[in-house]
Structure formats: structure tokens, C-alpha cells
Amino acid sequence: SVFVLTGCPAGHRMVNSDEGGGFSAEVQRCAACAAGEECVPLDRQACTRCTPCQPGHYKAFVGTAACFACPPDTYREAAGAEELAACQACPVEATTRGEAARVSLHACHCKPGYYR
């Protein structure tokens, strides 16, 4: 008889296919997501693949954690950031007004008395 992996702990993706995409009982395992990725289950289904961190987020290590929000006064436009340094700083004398996970330079507002 063949046992089939039906789920993994939070933050893991389910691997149960060979390189050709076919089911393989021998390769079944739960795997942590790479840096720049997270595993988010959809509709209470087991997570089967890791997806890139959303814009405004990053993850700097292989592991089961979700992606982290870029801190206030930074932004990240593209998905899949693998380090905090990928969150770009707002220009000098500009701020996100305390908001994290910003996805555009437009989220950076000039402080009073400054303009761009």
C-alpha cells in the first residue's frame, strides 16, 4: 500500500511529485520555503507551493515564517524580496507616516516644510 502525504505544518509546502510532475511516494515530504517566499494555504487547503513575498514584504532566510513587512519609512515595489535591504528608504525628509509594508515611492510623504 502507498501512503499519501495530505498536509504539512504551517509554513511548509507539500512536495509529492518527481521532476516530471508525476506523483512519487518516494519524494513525499514537507519543505520549508526559501528566502523571499512564504507558504499561504488557500481556502483551508494544504499549502502545496511557496509564493514570492508580496510587494512591501521580505523574508531573509529559509524557514517556515511568513514574510515580514518592510518597516515604516521604506517601501518595496516588487515581489520576492530576500533581505531587509531590499526595502528602499524614503527620500530624506520624507516619511510613510508610521505605516509599514508600503509598496510605492508614492507612500513617502514630505515632512512639513519640504516638497519634491
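Structure's up top.
Every value quoted in this text rests on a predicted model; they were computed, and no experiment measured them. (Residues numbered from 1 in each chain as written. Predicted model: local features only at pLDDT ≥ 70, side-chain atom pairs only at ≥ 80, totals over all residues. Heavy atoms only, no water.)

**Side note on a nonpolar patch on the surface**
Together, V2, V4 and F23 give the surface a local cluster of nonpolar side chains, amounting to about 300 Å² of exposed area. For F23, the position within the fold is in the loop between β1 (12-15) and β2 (29-32). F23 sits in the partly exposed class, given a relative accessible area of 44%. (Patch = residues over 30% accessible without salt bridge, like charges linked within 9 Å, V, L, I, M, F, W, Y side chains within 5 Å. Areas by Shrake-Rupley, 256 points an atom, 1.4 Å probe, with all protein chains shown as cover. Salt bridge = Lys/Arg side-chain N within 4 Å of Asp/Glu carboxyl O. Helix = DSSP H or I, 4+ residues; strand = E, 2+ residues; numbered from the N terminus. Buried < 20%, exposed > 50% of the residue type's maximum accessible area, 1.4 Å probe, protein only.)

**Re the environment of A94**
Looking at the element boundaries, A94 is found in strand β9 (residues 94-95). Note on A94: relative accessible area 10%, which makes it buried. As for A94 and C108, which are separated by 14 residues in sequence, their C-alpha atoms are 5.6 Å apart.

**Some details on the packing of aromatic side chains**
Under the defined criterion, the tally for this structure stands at two aromatic pairs. Taken together, a centroid distance of 5.9 Å and an interplanar angle of 35° make the contact between Y58 and F68 tilted. One end of the pair, Y58, is in strand β5 (residues 57-58); the other, F68, is in strand β6 (residues 68-69), and 10 residues separate them in sequence. With a relative accessible area of 36%, F68 lands in the partly exposed category. One aromatic cluster is present, built from ring pairs that chain together Y58, F61 and F68. (Phe/Tyr/Trp six-rings, centres within 6.5 Å; stacked < 30°, edge-to-face > 60°.)

**Describing unusual backbone geometry**
Unlike most non-glycine residues, D73 shows phi in positive territory, near 70°. Mapped onto the elements, D73 comes out in the loop between β6 and β7 (74-75). Owing to a relative accessible area of 31%, D73 belongs among the partly exposed residues under this scheme. Of note, R97 is a non-glycine position whose phi angle comes to about 60°, a positive value. Mapped onto the elements of the fold, R97 is located in the loop between β9 and β10 (109-110). With a relative accessible area of 59%, R97 lands in the exposed category.

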